[in-house]
Amino acid sequence: TQMAITLKQVAALHGKMLHKRLYIIFSEPTEKTGDRRKIFPKHIEYQLKIERAGILFAAGPFVDAKGKPQGPGMIVIRARNMAEAKRVAEADPFHKQGFRKYRIQAWDVNEGGFNLHVKFSDGSFTLD
């Protein structure tokens, strides 16, 4: 069923929305030649470092219809401002070594959510 919502209701809801500013780093391969595989472990190490520091929200490659990574990747981070987001992006080994270039876009998260199901009996969880 479809819910009709008025502009007045939207205005009231808007004030309750999350309004969380995140930054998306779109990371694209460059034409630089060389062995990218040597840099990949350093890139992952950096991603895990910023994850532990509470900076990394989510990251991963874009994939084709078969699930194979292709083209750009997306790194979503928490930062106080664009300058801080730029420092995080520039510190990525792929960007530092010139194997990838980046573009940053500020993103305000307002709607959405996630489901977390935890089983205490076996310590398992699912995230949807």
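Remember, predicted model here, so these are calculated numbers, not experimental data.

About the cut-offs
- Residues numbered from 1 in each chain as written.
- Predicted model: local features only at pLDDT ≥ 70, side-chain atom pairs only at ≥ 80, totals over all residues.
- Heavy atoms only, no water.
- Helix = DSSP H or I, 4+ residues; strand = E, 2+ residues; numbered from the N terminus.
- Rg over C-alpha atoms; globule rule 2.2 N^0.38 Å.
- Buried < 20%, exposed > 50% of the residue type's maximum accessible area, 1.4 Å probe, protein only.
- Contact = heavy atoms within 4.5 Å.
- Areas by Shrake-Rupley, 256 points an atom, 1.4 Å probe, with all protein chains shown as cover.
- Patch = residues over 30% accessible without salt bridge, like charges linked within 9 Å, V, L, I, M, F, W, Y side chains within 5 Å.
- Salt bridge = Lys/Arg side-chain N within 4 Å of Asp/Glu carboxyl O.

Undergrad: Can you walk me through the overall build of the protein in this structure?
TA: Broken down by element type, the protein carries 4 helices and 6 strands. For the protein, the α and β elements follow one another from N to C terminus as α-β-α-β-β-α-α-β-β-β. A compact globule built from 128 residues would reach a C-alpha radius of gyration of about 14 Å, whereas the protein, at 19 Å, exceeds it by more than 25%. Projected onto its principal axes, the C-alpha coordinates of the protein cover approximately 55 × 40 × 35 Å. Here the protein holds 128 residues, and the buried ones make up 23% of them. Long-range contacts, defined as pairs at least 24 residues apart, comprise 62% of the intrachain contacts of the protein with a sequence gap of at least 6. Element-wise, carbon and sulfur atoms account for 57% of the exposed surface of the protein, whose accessible area totals about 9,900 Å².

Undergrad: So what exactly am I meant to see when it comes to a nonpolar patch on the surface here?
TA: Residues Phe114, Leu116, Val118, Phe120, Phe125 and Leu127 make up a contiguous nonpolar surface patch of roughly 770 Å² in combined accessible area. Every element with two or more residues in the nonpolar patch is listed here: strand E5 (116-119) and strand E6 (124-127). Looking at the element boundaries, phenylalanine 120 is found in the loop between E5 and E6.

Undergrad: Got a minute to help me understand the environment of proline 69 in this structure?
TA: With respect to the helices, strands and loops of the structure, proline 69 is situated in strand E3 (residues 69-77). For the pair proline 69 and isoleucine 39, spaced 30 residues apart in sequence, the C-alpha separation works out to 17 Å. With residues up to four places along the chain from it excluded, the contact list for proline 69 reads Pro61, Phe62 and Val63.

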